[in-house]
Amino acid sequence: MDQKIVQPPVTPNLCQSACTPLWYVVFRNRPSVKCVIHTHSMNALMATLLDPDEKADRVRITHLEMLKGVGNHAYDGILEVPIIDNRPSEDLLADQLDIAIKKFPKANAVLVRRHGIYCWGDSWEQAKTQCESFDYLFETIIKMRQMGIDYSALPPSGSYREERKSIDAGSIKAAEKSSASKLEIVVNGTNGMTNINNARDLILPDKAIPLLPKNRKILLLDIEGCTTAISFVKETLFPYVVSNIDSFLEKSSKENVEKHYNALIKDVGSIKEEDTKKTFDSFIDKCTGKNKDTSALKEFISDCVKQMVAKDIKATGLEFMQGDMW
């Protein structure tokens, strides 16, 4: 915490960020934090102006699904994001930030009025996920205000309200002796909200959906978004496709090859950039010259996929091909 530079950057004579004192305010108050993100998001800025008097010291939000994404909160919880006033330079915000973090121990972010947001997490992935979730929430409450909806109040109707029993780890054994069909389970938490150990899943009624599938060792998630770093997609998944496309096609049936060929032909037809289109048209000409037999189709698919990945082209047929291989 003495702010010494462990390893200097390659570029010489660089100054430390004006935000440096603020990073250490967060690190001192949240010892588990490994990453702090600061953005000038317009949604964050506008959220600080929802109070027309600009005197509010917090934004209060409840009953929104994305509350689960900011850490320490559930759908029906109450999120309070502190607001501090802006100063001429970031380093002058340190004392206000320190007070706000201490005053709002459940918040993983602090808003700066007419400026932006500071958000943190126990890893850079968690910080990024929570920062995106906060931004989603701020955009949502801005639009709710435009519709005349109070985002800080319990919905007047249409939200599930039946009283339910909460079962913790200490009551699992007793619960197992009860009739499972009569159990009323509340899984009230995500991202650290409560001490969820999945033992509850073992006593859920048959028709209930557990927090995680029971008796499963693998949980397959969609890529990117809030689950997988884009660096993993770029550095691992894409190169895997390029390296293995030929062997994959050799093992593919004729029907599968024709299916991917037709999908990629549609992708090529939608390319607008002239030089890029010429490259792919040459692949088509080469394939046509070989009377489009299966080996020619495989060669076309291989050429197309490698070129599309190299040029970072986003296309439905390519994604279909990659999904089949992954």
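Scoring rules and cut-offs
- Within any chain, residue numbers begin from 1 and follow the written order of that chain's sequence.
- Given that the model is predicted, a residue must reach a pLDDT of at least 70 before its local features are reported, and side-chain atom pairs must reach 80 or more before they are shown or counted; all residues, however, enter totals for whole chains, interfaces and linings.
- With hydrogens and water excluded, all non-hydrogen atoms of the structure serve as input to the side-chain values.
- A run of H or I in DSSP becomes a helix once it reaches four residues, and a run of E becomes a strand once it reaches two; helices and strands are each numbered from the N terminus.
- Here, residues are in contact when the closest pair of their heavy atoms is within 4.5 Å.
- For every accessible area listed, the method is Shrake-Rupley and the probe measures 1.4 Å; residues are considered covered only by the protein chains on display.
- Partly exposed describes any residue whose relative accessible area lies between the buried limit of under 20% and the exposed limit of over 50%, with all areas from a 1.4 Å probe on protein chains only and scaled to the type maximum.
- In short, DSSP must find at least two bridges between two strands for them to pair.
- Here the expected length of a helix is defined as 1.5 Å per residue gap, with one fewer gap than residues.
- Orientation is described by axes fitted as lines to C-alpha atoms, over the contacting stretch for helices, and by angles from 0 to 180 degrees between their N-to-C directions.
- Roughly parallel means an angle under 35 degrees; roughly antiparallel means over 145; roughly perpendicular covers 65 to 115; every other angle is labelled oblique.
- Each crossing gets its hand from how the near helix is turned against the far one by less than a right angle, where anticlockwise is left-handed and clockwise is right-handed.
- Just so you know the grouping, Ala, Val, Leu, Ile, Met, Phe, Trp, Tyr, Cys and Pro go in nonpolar, Asp, Glu, Lys and Arg go in charged, and all remaining residues, Gly too, go in polar.
- Any Lys or Arg side-chain nitrogen found within 4 Å of a carboxyl oxygen on Asp or Glu counts as a salt bridge.
- pLDDT expresses how confident the predictor is about each individual residue, on a scale running from 0 to 100.
- Criterion for a disulfide: a pair of cysteine sulfur atoms at a distance within 2.5 Å.
- The set of buried Ala, Val, Leu, Ile, Met, Phe, Trp, Tyr and Cys residues whose side-chain atoms join them within 4.5 Å is what this entry labels a nonpolar core.

### Digging into the overall build of the chain
Working step 1: If you tally the helices and strands in the chain, you get 10 helices and five strands.
Working step 2: Across the chain, contacts joining residues at least 24 apart in sequence account for 64% of those joining residues at least 6 apart.
Working step 3: Here the chain displays about 19800 Å² of accessible surface, and carbon together with sulfur accounts for 53% of that area.

### A short note on unusual backbone geometry
Working step 1: A positive phi angle, near 55°, is found at Glu54, a position not held by glycine.
Working step 2: Its place among the elements puts Glu54 in the loop between helix 2 (42–47) and strand 2 (58–62).
Working step 3: Among the residues examined, Glu54 registers a relative accessible area of 26% and is labelled partly exposed.
Working step 4: In this structure, Asp312 takes a positive phi of about 55° despite not being glycine.
Working step 5: By the element assignment, Asp312 lies in the loop between helix 9 (294–310) and helix 10 (316–325).

### Points about the pairing of strand 5 (residues 116–121)
Looking along a regular strand, one sees side chains alternate from face to face of the sheet.
Working step 1: Extensive coverage of strand 5 is indicated by the burial of six of its six residues.
Working step 2: Going residue by residue along strand 5, you find Gly116, Tyr118 and Trp120 tucked away on one face and Ile117, Cys119 and Gly121 tucked away on the opposite face as well.
Working step 3: In this structure, strand 1 (residues 35–39) lies alongside strand 5, joined through five bridges in antiparallel fashion. From the neighbouring strand, Thr39 faces strand 5, where its bridge partner is Ile117.
Working step 4: Relative to strand 5, strand 4 (residues 109–112) runs antiparallel, the two sharing four bridges. When the bridges of strand 5 are listed, Val110 appears paired with Tyr118.
Working step 5: Where strand 4 folds back on strand 5, the antiparallel hairpin that results is connected by three residues, among which Arg114 adopts a positive phi of roughly 60°.

### Some words on helix 9
Working step 1: End to end, helix 9 covers 24 Å across 17 residues, agreeing with the expected 24 Å (1.5 Å per residue, within 8%).
Working step 2: Listed in full, the buried residues belonging to helix 9 are Ala296, Leu297, Lys298, Phe300, Ile301, Ser302, Asp303, Cys304, Val305, Met308 and Val309.
Working step 3: Positioned one or two residues after helix 9, Asp312 has a phi angle of 55°, which is positive.

### Considering the sheet that holds strand 4
Working step 1: Across the sheet, which stays open at both edges, the five strands sit in the order 1-5-4-3-2 with mixed pairing between neighbours. Because the sheet does not close on itself, it has two edges, and the strands there are strand 1 and strand 2. Between one strand axis and the next, the sheet turns through 20° on average, direction left out of account.
Working step 2: In the packing of helix 3 (residues 94–103) onto the sheet, the strands contacted are strand 2, strand 3 (78–84), strand 4 and strand 5, and the crossing angle to strand 3 comes to about 165°.
Working step 3: Sheet strands in contact with helix 4 (residues 124–146) are strand 1, strand 2, strand 3, strand 4 and strand 5, and its direction is about 140° off that of strand 5.

### Quick notes on the packing of helix 7 (residues 254–269) against helix 9
Working step 1: In contact at an axis separation of 9 Å, helix 7 and helix 9 are set at 45° when each is read in the N-to-C sense. Taken together, the axes of helix 7 and helix 9 are oblique relative to one another. Helix-helix and strand crossings are classified by hand; for helix 7 and helix 9 the assignment is left-handed. Counted together, Lys254, Val257, Glu258, His260, Tyr261, Leu264, Ile265, Asp267 and Val268 of helix 7 and Thr294, Leu297, Lys298, Phe300, Ile301, Cys304, Val305 and Met308 of helix 9 form the full contact between these two elements.
Working step 2: Residue classes in the contact of helix 7 with helix 9 are distributed as 11 nonpolar, two polar and four charged.

### Points about the pattern of salt bridges
Working step 1: The tally for this structure, following the rule as stated, stands at 13 salt bridges.
Working step 2: With its nearest N and O atoms 2.9 Å apart, the salt bridge here joins Asp98 to Lys102. In this pair, Asp98 and Lys102 are both assigned in helix 3, four residues apart and thus about one turn of the helix distant.
Working step 3: The partly exposed category is assigned to Asp98, whose relative accessible area is 22%.
Working step 4: Of the residues examined, Lys102 reaches a relative accessible area of 52% and is grouped as exposed.

### Considering the confidence of the model for the chain
Working step 1: Averaged over all residues, the pLDDT of the chain is 81; the fraction at 70 or higher stands at 77%.
Working step 2: No element of the chain has a lower mean pLDDT than helix 5 (residues 172–176), which averages 45, and none a higher one than strand 4, which averages 98.
Working step 3: The low-confidence segment residues 163–198 (pLDDT under 50) makes 57 contacts with residues lying over four places distant or belonging to another chain.

### So, the state of the cysteines
Disulfide: a covalent bond connecting the sulfur atoms of a pair of cysteines.
Working step 1: Counting across every chain of the model gives zero disulfides.
Working step 2: Its sulfur unpaired, Cys131 is 4.8 Å from the next cysteine sulfur, which belongs to Cys119.

### Quick look at the side chain of Thr48
Working step 1: Relative to the helices and strands, Thr48 resides in the loop between helix 2 and strand 2.
Working step 2: Judged by its relative accessible area of 1%, Thr48 is buried.
Working step 3: Those residues within four positions of Thr48 in sequence are excluded, and the remaining contacts are Ile83, Leu111, Val112, Arg113 and Arg114.

### Details of the nonpolar core
Working step 1: Ranked by size, the top nonpolar core spans 27 residues in total, and within it Phe280, Phe300, Ile301 and Val305 carry the most contacts.
Working step 2: Residue assignment for this core shows that the elements contributing at least two residues are helix 6 (230–250), helix 7, helix 8 (274–289), helix 9 and helix 10.
Working step 3: In terms of residue count, the dominant contributor to this core is helix 9 (eight residues).
Working step 4: In this structure Ile301 touches Ile245, Leu249, Val257, His260, Tyr261, Leu264 and Met321, once residues within four positions along its chain are discounted.
Working step 5: Ala47, Leu64, Ala109 and Cys119 belong to the second largest nonpolar core, which has 23 residues in total.

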